[in-house]
Amino acid sequence: QVQLVESGGGLVQAGASLRLSCAASGRTFSSYAMGWFRQTPGKEREFAAAISGSGVNTYYADSVKGRFTISRDNAKNTVYLQMNSLKPGDTAVYYCAVQTRPRIEIRRENEYDYWGQGTQVTVSS
């Protein structure tokens, strides 16, 4: 019943921007943190960004800090990832995920309970 659907990925040139969206259904997640992770084939999935249930607190990996902005619209049960100044190194499948109860560590993927199918982001040089 719980489903997360990502959109907004695509192929862009270095320096361009993309805005990813993740719409959740099946339940309301306004009380829980949501995050974005990314993975390149052959490499481990890594944390990119996360946001608390209220939207007050945000967290970023050093590799994206200053370029990416995570936000959420709880009325729409949706989380966004604004990606600016994209680099070829940002090429990956981006996954959104949600917690269903408070967690201590918001950057760890094993703290998340539901995951989307991922959306491909490709940045060419």
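Going by the structure above, here's the rest.
The sections below set out a description of the structure shown in this document.

So, the nonpolar core
Point 1. Counting 35 residues, the largest nonpolar core has Trp36, Ile70, Leu81, Met83 and Tyr94 as the members making the most contacts within it.
Point 2. Where this core is concerned, the elements lending two or more residues are β3 (18–25), β4 (34–39), β5 (46–51), β7 (68–73), β8 (78–83), β9 (92–98) and β11 (119–124).
Point 3. Residues contacting leucine 81, with those up to four places away along its chain left out, are Leu18, Arg19, Leu20, Trp36, Ala49, Phe68, Thr69, Ile70 and Tyr94.

What to know about unusual backbone geometry
Point 1. If you check the backbone angles, asparagine 77 has positive phi at about 55° while not being a glycine.
Point 2. Positionally, asparagine 77 belongs in the loop between β7 and β8.
Point 3. Backbone geometry at serine 85 places phi at a positive 50°, although glycine is not the residue there.
Point 4. One can find serine 85 in the loop between β8 and β9.

Things to note about the pairing of β7
Point 1. Side-chain alternation along β7 places Phe68, Ile70 and Arg72 on a buried face and Thr69, Ser71 and Asp73 on a face that remains uncovered.
Point 2. When β7 meets β8, the two strands line up antiparallel, connected through six bridges. Bridging from a neighbouring strand, arginine 72 pairs with valine 79 of β8.
Point 3. Once β7 ends, the chain turns through four residues before running back antiparallel as β8, passing asparagine 77 with a positive phi of about 55°.

As for the packing of aromatic side chains
Point 1. Counted under the stated rule, the structure contains four aromatic pairs.
Point 2. Between phenylalanine 37 and tyrosine 112, the ring centres sit 5.3 Å apart and the planes meet at 80°, which makes this aromatic pair edge-to-face. Residue phenylalanine 37 is located in strand β4, and its partner tyrosine 112 is located in the loop between β9 and β10 (114–115); the two are separated by 75 residues in the primary sequence.
Point 3. Geometrically, the ring pair formed by phenylalanine 37 and tryptophan 115 is tilted, given 5.1 Å between the ring centres and 55° between the ring planes.

Notes on the pairing of β11
Point 1. Every second residue of β11 is oriented toward a common face, the buried set being Thr119, Val121 and Val123 and the non-buried set Gln120, Thr122 and Ser124.
Point 2. Bridge analysis of strand β2 (residues 10–13) against β11 gives four bridges, and the strand direction is parallel. Across the sheet, the residue bridging to valine 12 is valine 123, located in β11.

Each value, and the rule that gives it
Residues numbered from 1 in each chain as written. Predicted model: local features only at pLDDT ≥ 70, side-chain atom pairs only at ≥ 80, totals over all residues. Heavy atoms only, no water. Core = buried A, V, L, I, M, F, W, Y, C linked by side-chain atoms within 4.5 Å. Buried < 20%, exposed > 50% of the residue type's maximum accessible area, 1.4 Å probe, protein only. Helix = DSSP H or I, 4+ residues; strand = E, 2+ residues; numbered from the N terminus. Contact = heavy atoms within 4.5 Å. Pairing = 2+ DSSP bridges. Phe/Tyr/Trp six-rings, centres within 6.5 Å; stacked < 30°, edge-to-face > 60°.

Keep in mind that these numbers describe shape and distance, not what the molecule does.
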